[in-house]
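Close look at the chain arrangement
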Amino acid sequence: MATHTAKSPAASQLDVQAIRAQFPILAEKVHDRPLVFLDSAASAQKPNAVIDSMANTMRHQYANIHRGLHWMSERTTEAYEGVRDLVAGFLNAPSREEIVFTRNSTEAINLVAHSFGALLRPGQAVLISQMEHHANLVPWQMLRDRAGIELRIAPITDDGDLDMEAYKAFLADGKVGLVAITHMSNVLGTITPASQIAEVAHAAGALVLFDGSQAVVHHKTDVQALDADFYTFTGHKLYGPTGIGVLWARRALLEQMPPFLGGGDMISTVTFERSTWANIPHKFEAGTPAIVETMGLGAAIEWVSQVGFDAIAAHEAALTAHALQRLATVPGLKIVGNPRMRGGVVSFTMEDVHPHDIATLLDRNGIAIRAGHHCAEPLMRRLGLSATARASFGIYTQKEEIDVLADTLVRIRDFFV
Amino acid sequence: MNSSTAERDALYDRLIVERARKPLHAGRLDAPDVQGEGRNPLCGDKTHLDIALNGHHIQDIRHQTRGCAICSAAADLMAERLRGETVTQALQVADRFKALLVEPSSSAVVEKSHQVPLGALEVFAPLRSHKARIRCAELPWVALEEAFSHVDG
Ligand SMILES: Cc1ncc(COP(=O)(O)O)c(C=O)c1O
């Protein structure tokens, strides 16, 4: 499927130039300057392998799936279902039927809130944390309001770690049916102690969902080692296309849960009176799916796997350490959060310079970062901030780009003070 | 990198930076006749306006702003421009300012209220090409409209 593959790295060294050469967009200029793209946590850029796989699908092997009796449809169905195998391998899921394709992480979490939520009883609770993206907060508020489910919020420490003692206390009364927590914060960079979170949840009789939207990009994910019950991620942050995301859930749960959306492909038999549901995972995949995007996701997973998570994690850890050290030397700059384990995301504020002004002025220098509340308004309130600036790093980020960021921030601050 | 666009960026006129840093019309009034507030939920920016009226005239106007440089300076330069104007004139300036922030050709308002001078508020013209930031400069005017929503010009 992948025609362009990453060089297989010697030891765990990553050849950044060889990687960058595979991302055509990185050659673009912004305001006549080379693009310095430090916003991969919002959405990552795409390698040729992904672009070509999608274009080739549309050029050479495209038809609707699961419906045609003709050659093109059968081949496309095979390729589409092949991606399910790839995703199962990527997450080390016990079986391919446990992989449900969704539009993105948001839809995957909404699916769980709707369909697993239907199995919860009034008086039961869902427990999330203070550092959740709106995607892992709003669906639970909707469930609370619709079904009389209590919503509990576990606090974080000032450093930006989950407060494990408080977390345990929230589980003590045995009412929590589901813990839904991020595996990596998109604001603080915190990588949460997922297996410990799962262990504590299970001991209290709760199931656990991890929002892996940020986490899957930075290290190898193993849902069995984590002992998770649900896991979600989104294709576009993993160097894949938009419009495709994944829910993994234990087979027994998926079998128990009622469908999310109704329509074609998710049924077994339909009469005007009633319908019966297809087997999992199809029960949760109503309508024609994002066929082309699914192929793109498959290419992204193959490509990332070829680069290897050892190399990716080492590269990003080095970049993050360098960024923390360089940013600390910028006058007036404060890094937000100091978690025990951090992925390639650094949020910061600057005395006397608003995050939006930082972002606009960096952009004039070709540097793309994110500024705002990062879809985590309650977390901002907890931190006592209205907004932060956030730089995030990916597989193609160079150390020199972080130096350009730090140097430009010094000048921006001079400009304002 | 030798030269930086940041320092000579047209958007951040020196006046904007200065007013953001040291506003001349910030604060609250003891006995405002009308008040207004503008909030941008996307970034948490906030402007509060206190206005003292003498008949139809704006006798005094103060703002309290928590926001970016664009928003803070817009509030300060707005207060400066509107002091002494009538409510009707102030709303004309508001129209004219909004027109300034969109493409000049696409607005009939420009023609109609062309006689109303914007003065120092002209420094915000480059915002036209920074669509994402237009709301920052508009926020104080949202507060103004709220303040005047109960006053007949
Ligand atoms: C931690 C986290 N959760 C969920 C999401 C939602 O992802 P998507 O918008 O692709 O559904 C994001 C990204 O925006 C995220 O960073």
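What you see is a predicted model, and the numbers here were worked out from it, not measured in a lab.

Some remarks on the site of the ligand
All names here are of chain A.
- Neighbouring the ligand are 13 residues; Thr106, Asp211, Thr234, His236 and Lys237 lie closest to it.
- Gln214 is positioned with one of its side-chain polar atoms (N or O) 2.7 Å from an oxygen atom of the ligand.
- Contact between the ligand and Lys237: an oxygen atom at 2.8 Å from a side-chain N or O atom of the residue.
- Across the complex, the protein chains shield 88% of the 390 Å² of accessible surface that the ligand would expose by itself.
- Along the lines of polarity and charge, the residues of the shell around the ligand split into one nonpolar, 10 polar and two charged.

Details of the domain arrangement of chain A
All names here are of chain A.
- As far as domains go, chain A holds domain 1 (9-34 + 309-416) and domain 2 (51-305).
- For domain 1 and domain 2, the distance between their C-alpha centroids amounts to 28 Å.
- Between domain 1 and domain 2, the contact holds 34 residues from the first and 31 residues from the second.
- Summed over both sides, the interface between domain 1 and domain 2 buries roughly 2700 Å², with carbon and sulfur atoms accounting for 60% of that surface.
- By the criterion of area lost to domain 2, the three top residues of domain 1 are Phe309, Leu379 and Arg382, representing 27% of everything that side buries.
- If you look at where domain 1 meets domain 2, you find two salt bridges.
- A salt bridge links Asp158 to Arg382, with the nearest nitrogen and oxygen atoms 2.9 Å apart.
- Here domain 1 and domain 2 share 17 residue pairs in polar contact (both at pLDDT 80 or more) between them.
- Listing elements by their share of the side of domain 1 that touches domain 2, those giving two or more residues are helix 11 (309-327), strand 14 (345-350) and helix 13 (377-383).
- Looking at the side of domain 1 that touches domain 2 residue by residue, the classes come out as 19 nonpolar, nine polar and six charged.

Quick look at the sheet that holds strand 13 (residues 333-335) of chain A
Residue and element names in this part refer to chain A.
- Spatial strand order, 13-14-17-16: four strands in an open sheet with antiparallel pairing. A single partner strand is all that each edge strand has here, and the edge strands are strand 13 and strand 16 (370-372). On average, each strand axis in the sheet is inclined to that of its neighbour by 30°, with strand direction left out of account.
- Running over the sheet, helix 11 touches strand 13 and strand 14 and is turned about 10° from strand 14.

Thoughts on the pairing of strand 11 (residues 267-270) of chain A
Residue and element names in this part refer to chain A.
- By the bridge criterion, three bridges tie strand 11 to strand 12 (residues 275-277) in an arrangement that is antiparallel. When the sheet's bridge partners are listed, Thr269 is paired in strand 12 with Thr276.
- If you look at the hairpin formed by strand 11 and strand 12, you'll find four residues sitting between the two strands.

A short note on the nonpolar core
- In this structure, Val87(A), Leu91(A), Tyr167(A), Val179(A) and Ile395(A) are the most contacted members of the largest nonpolar core, which totals 75 residues.
- Of the residues that make up this core, three or more belong to each of domain 1 (9-34 + 309-416) and domain 2 (51-305) of chain A.
- Those residues in contact with Ile395(A) that sit more than four places away from it in its chain are Leu14(A), Val16(A), Ile19(A), Phe23(A), Tyr239(A), Trp303(A), Val307(A), Ile312(A), His315(A) and Glu316(A).
- Membership of the second largest hydrophobic core comes to 71 residues, among which are Ile367(A), Val34(B), Ile58(B) and Val123(B).

Brief notes about the packing of helix 11 of chain A against helix 14 (residues 399-416) of chain A
Residues and elements named next belong to chain A.
- Look at helix 11 against helix 14: their axes get within 10 Å of each other, and the N-to-C directions meet at 20°. Here helix 14 runs roughly parallel to helix 11, going by the angle between their axes. Of the two elements, helix 11 crosses helix 14, and the hand of that crossing is right-handed. Residue-level contacts link Leu319, His322, Ala323, Arg326 and Leu327 of helix 11 to Lys399, Ile402, Asp403, Leu405, Ala406, Asp407 and Leu409 of helix 14.
- Of the residues assigned to the contact of helix 11 with helix 14, the class counts are seven nonpolar, one polar and four charged.

Cut-offs applied
Residues numbered from 1 in each chain as written. Chains lettered and ligands numbered in written order. Predicted model: local features only at pLDDT ≥ 70, side-chain atom pairs only at ≥ 80, totals over all residues. Heavy atoms only, no water. Near = heavy atom within 4 Å. Polar contact = N/O pair within 3.5 Å; in protein donor to acceptor, adjacent residues only side chain to side chain. Areas by Shrake-Rupley, 256 points an atom, 1.4 Å probe, with all protein chains shown as cover. Nonpolar A, V, L, I, M, F, W, Y, C, P; charged D, E, K, R; others polar. Domains from an automatic or database assignment. Contact = heavy atoms within 4.5 Å. Buried area = accessible area lost by both parts, 1.4 Å probe. Salt bridge = Lys/Arg side-chain N within 4 Å of Asp/Glu carboxyl O. Helix = DSSP H or I, 4+ residues; strand = E, 2+ residues; numbered from the N terminus. Pairing = 2+ DSSP bridges. Axes fitted to C-alpha atoms, helices over the stretch in contact; angles between N-to-C directions. Core = buried A, V, L, I, M, F, W, Y, C linked by side-chain atoms within 4.5 Å. Buried < 20%, exposed > 50% of the residue type's maximum accessible area, 1.4 Å probe, protein only. Parallel < 35°, antiparallel > 145°, perpendicular 65-115°, else oblique. Left-handed = near helix turned anticlockwise from the far one by under 90°.

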